[in-house]
Amino acid sequence: MGRTPRRPSSPPPTTRSRILTAACDEFGARGFPATTVDRIARRARVNKAMIYYHFPNKLALYTTIVRELYAQLLDKLRAIAAQPLTPEQKIDALIDVFVHAVDGSRHFLPFFLREIADGAVHLGAGELALLAGIFSTVRGVIAEGAMQHRFQSVHPALAHFTIIGPLVMFRASAPVRERIKITQHVDIPDVDSAELISHLQMVARRMLAPVAPSAGTKD
């Protein structure tokens, strides 16, 4: 009797995560167009065939990373929005999640900034739906506060980016601020996550606070 052919052994479970980590580093440093599967393979210490075993192509690898980054963030934001909290408490909690998403991952900010610079041309409908969900969740909390007369009526997109913009800009400018400190001897100090969260919460609350009637207003 002939021997039963052995089935190919499955790759070790750590291989996929090693590929994803290497791809995050390459895409974050070089962007999608300049990153090659060969570079990812070398960094991950695997051959190209192993990458294609897990991912059909470079774009699929890239979007897998993006989806994981944004899906985790969206899940946390939606969980906060569904809690029985006041709108003010929800905004505070949303800001906390945003800051920890940026500060807790060295890959989040490079991917986010490169997609802004590239016009999100590498994102498909699924990835764009996640970004839309993030905006919609924040908009929903702001609308809830306005309906309860706890927030003033504001443009939702401007409010959203008033919260997100300073966070992204401040963290992204860290290398520039360091060069200014070294070459110009002007210190533009960094802050830890807790201080940044507190500041953004203060800004958001002031932006959203209902406008008190003027003392001179008559019925």
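Preceding block: the structure.
Anyway, here's the lowdown on the structure attached to this text. (Residues numbered from 1 in each chain as written. Predicted model: local features only at pLDDT ≥ 70, side-chain atom pairs only at ≥ 80, totals over all residues. Heavy atoms only, no water.)

### What about the packing of aromatic side chains?
Spelled out, the test is: The criterion for an aromatic pair is that two Phe, Tyr or Trp rings (for Trp, the six-membered ring) have centres within 6.5 Å, with stacked assigned to planes under 30 degrees apart, edge-to-face to planes over 60 apart and tilted to the rest. The secondary structure listing takes helices from DSSP runs of H or I that are at least 4 residues long and strands from runs of E that are at least 2 residues long, numbered from the N terminus. Buried residues are those whose accessible area, probed at 1.4 Å on protein chains only, stays under 20% of the maximum for their type, while exposed residues exceed 50% and partly exposed ones sit between those limits. A ring is scored as having a charge over it whenever the NZ atom of a lysine or the CZ atom of an arginine sits within 6 Å of its centre and within 35 degrees of its normal.
Summed over all chains, the structure comprises 7 aromatic pairs. For the pair Phe32 and Tyr62, a centre-to-centre distance of 5.2 Å together with 70 degrees between the ring planes defines the contact as edge-to-face. Taken together, the positions of Phe32 in helix H1 (residues 14-34) and Tyr62 in helix H4 (residues 58-81) put the pair 30 residues apart, joining distant regions of the chain. With a centroid separation of 5.4 Å and an interplanar angle of 25 degrees, the aromatic rings of Tyr62 and Phe111 are classed as stacked. On the criterion of sequence distance, the pair formed by Tyr62 in helix H4 and Phe111 in helix H6 (residues 108-118) is long-range, its members being 49 residues apart. Residue Tyr62 is classed as buried on the basis of its relative accessible area of 2%. Taking relative accessible area as the criterion, Phe111 reaches 3% and is therefore assigned buried. Through successive ring pairs, a cluster of aromatic residues spans Phe27, Phe32, Tyr62 and Phe111. Sitting over the face of the ring of Phe32, Lys58 holds its NZ or CZ atom 4.3 Å from the ring centroid.

### As for the side chain of Thr35
Put simply, the test is: The term polar contact refers here to a pair of N or O atoms within 3.5 Å; inside protein, the definition further demands a hydrogen-donor-capable atom paired with an acceptor-capable atom, and it admits residues adjacent in sequence only when both atoms are side-chain atoms.
Looking at the element boundaries, Thr35 is found in the loop between H1 and helix H2 (37-44). Residue classification places Thr35 among the buried positions, given a relative accessible area of 0%. Of note is the side chain of Thr35, whose polar atom sits 3.1 Å from the backbone oxygen of Glu26. A polar contact of 2.7 Å, which involves the side chain of Thr35, links it to the backbone oxygen of Gly31.

### Some remarks on the nonpolar core
The criterion, for reference: What makes a nonpolar core is a set of buried Ala, Val, Leu, Ile, Met, Phe, Trp, Tyr and Cys residues whose side-chain atoms join them at distances within 4.5 Å. A contact between two residues is defined here by any heavy atoms of the two lying within 4.5 Å.
Counting 54 residues, the largest nonpolar core has Phe27, Leu61 and Ile91 as its most contacted members. Ranked by residue count, the leading element in this core is H4, at 10 residues. Those residues in contact with Ile91 that sit more than four places away from it in its chain are Val141, Ile142, Phe151, Ala204 and Leu208.

### Focus: the packing of H1 against H6
Put simply, the rule is: Only the stretch in contact is used when fitting a helix axis, every axis being a line fitted to C-alpha atoms; angles between N-to-C directions are given from 0 to 180 degrees. Oblique is the label for every angle not falling under 35 degrees (roughly parallel), over 145 degrees (roughly antiparallel), or within 65 to 115 degrees (roughly perpendicular). When the near helix sits turned anticlockwise from the far one by under a right angle, the crossing is termed left-handed; a clockwise turn instead gives a right-handed crossing. Residues are sorted three ways: Asp, Glu, Lys and Arg are charged, Ala, Val, Leu, Ile, Met, Phe, Trp, Tyr, Cys and Pro are nonpolar, and all the rest, Gly among them, are polar.
Close contact between H1 and H6 brings their axes to 9 Å; oriented N to C, the two are set at 40 degrees. One element, H1, and the other, H6, form an angle in the oblique class. In the crossing of H1 with H6, the sense of the turn from one axis to the other is left-handed. Here Cys24, Phe27, Gly28, Ala29, Arg30 and Gly31 of H1 come into contact with H6, specifically with Pro110, Phe111 and Arg114. Here the residues of the contact of H1 with H6 are counted per class, giving 5 nonpolar, 2 polar and 2 charged.

### Here we look at H1
The line we're drawing: Expected span, for any helix, means 1.5 Å times one less than how many residues it has. The reported bend at a residue is simply the angle between two axes, fitted to the 7 residues ending at it and to the 7 residues beginning with it.
The terminal C-alpha atoms of H1 lie 26 Å apart, and with 21 residues this falls more than 12% below the ideal 30 Å at 1.5 Å per residue. Its axis deflected by about 80 degrees at Gly28, H1 carries its strongest bend there. Within H1 the residues assigned to the buried category are Thr15, Ile19, Leu20, Ala22, Ala23, Cys24, Asp25, Glu26, Phe27, Gly28, Gly31 and Phe32. Buried-residue contacts for H1 involve H2, helix H3 (48-54), H4 and H6.

### Here we look at the environment of Tyr52
Within the secondary structure, Tyr52 sits in helix H3. A sequence separation of 15 residues divides Tyr52 from Val37, and the C-alpha atoms of the two residues are 9.2 Å apart. Residue contacts for Tyr52: discarding those within four places in its chain leaves Val37 and Asn57.

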